[in-house]
Amino acid sequence: MTKTAQKSFYTNTVRRCISVNASKEEVWRKISNIVGLPSWVIDVKKTTYLSKKRRNVGAIRKITFADGNTIEEHVVAWKEREYFTYIATEGLPLRAYVATISINAKNKNTTQITWQSYFNSKKMTAKQFTEFVKFMGIFYETSLKNLKKILEK
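Residues numbered from 1 in each chain as written. Predicted model: local features only at pLDDT ≥ 70, side-chain atom pairs only at ≥ 80, totals over all residues. Heavy atoms only, no water.

1. Observations concerning the layout of surface pockets
- Counted as a void, the largest pocket has a volume near 410 Å³.
- What lines the largest pocket is a set of 23 residues, and nearest its centre among them are Phe-65, Ile-71, Leu-92, Phe-135 and Phe-139.
- Those elements giving two or more residues to the lining of the largest pocket turn out to be β4 (60-65), β5 (70-79) and α2 (126-151).
- Its residues placed into classes, the lining of the largest pocket shows 17 nonpolar, two polar and four charged. (1 Å grid on protein atoms, 1.4 Å probe; cavity = no way out; pocket = protein on both sides within 12 Å on 5 of 7 lines; lining within 4 Å. Points joined across faces, edges and corners; volume = space filled by probe spheres on them. Helix = DSSP H or I, 4+ residues; strand = E, 2+ residues; numbered from the N terminus. Nonpolar A, V, L, I, M, F, W, Y, C, P; charged D, E, K, R; others polar.)

See below:
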């Protein structure tokens, strides 16, 4: 008799931080360009606006990854030069995904960037979910390292 892995809903968070040698204004200029992801987020091939709005609450983007997968995201909170929060509405194996990218000036030329998210899965096995959480952590970490490299050039 073969035992089938139980599928269920799971919830978790991922949070990664990095300090960069760049002013808060430089960092904000880069991250607040919500369609500028191909320049620093790993495996992003293209990002386009799905809304007339380009910044702030109500801006919508479509992200196309190198493997052809797409995700639609809506900006739901925005505080100029501090943070923005977005939700994914399509394209992930999740029922809920809410993420915030925030910045905090440590001094005139050093800024801390934090990328954190909350998510709730569609039905999957515990192993699948654990692998997804691990993937998201690596995805955020690698992307933030790319951003650091670009900002510190």
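More follows now that the structure is in view.
2. A closer look at the sheet that holds strand β3 (residues 44-49)
- Spatial strand order, β2-β8-β7-β6-β5-β4-β3: seven strands in an open sheet with antiparallel pairing. Each edge of the open sheet carries a strand with a single partner, namely β2 (11-20) and β3. Going from strand to strand, the sheet's axes swing by 20 degrees on average, the running direction of each strand aside.
- Inspection of the sheet shows strand β6 (residues 83-90) paired to strand β7 (residues 94-107) by five bridges, in the antiparallel sense. Residue pairing in the sheet places Tyr-83 in a bridge with Ser-102 of β7.
- In the packing of helix α1 (residues 24-31) onto the sheet, the strands contacted are β2, β5, β6, β7 and β8 (110-121), and the crossing angle to β7 comes to about 155 degrees.
- Helix-sheet contacts for α2 involve β2, β4, β7 and β8, and the interaxial angle to β2 is about 15 degrees. (Pairing = 2+ DSSP bridges. Axes fitted to C-alpha atoms, helices over the stretch in contact; angles between N-to-C directions. Contact = heavy atoms within 4.5 Å.)

3. Some words on the pattern of salt bridges
- Following the criterion strictly, the structure yields seven salt bridges and no others.
- Between Glu-82 and Lys-79 there is a salt bridge, with its nearest N and O atoms 3.8 Å apart.
- Among the residues examined, Lys-79 registers a relative accessible area of 40% and is labelled partly exposed.
- In this structure, Glu-141 and Lys-145 form a salt bridge, with 3.8 Å as the shortest nitrogen-oxygen distance. Of this pair, Glu-141 and Lys-145 both sit in helix α2, four residues apart, which is roughly one turn of that helix.
- On the basis of relative accessibility, which here comes to 35%, the residue Glu-141 falls in the partly exposed class.
- Several salt bridges share partner residues, and in doing so they unite Arg-16, Glu-141 and Lys-145 into one network. (Salt bridge = Lys/Arg side-chain N within 4 Å of Asp/Glu carboxyl O. Buried < 20%, exposed > 50% of the residue type's maximum accessible area, 1.4 Å probe, protein only.)

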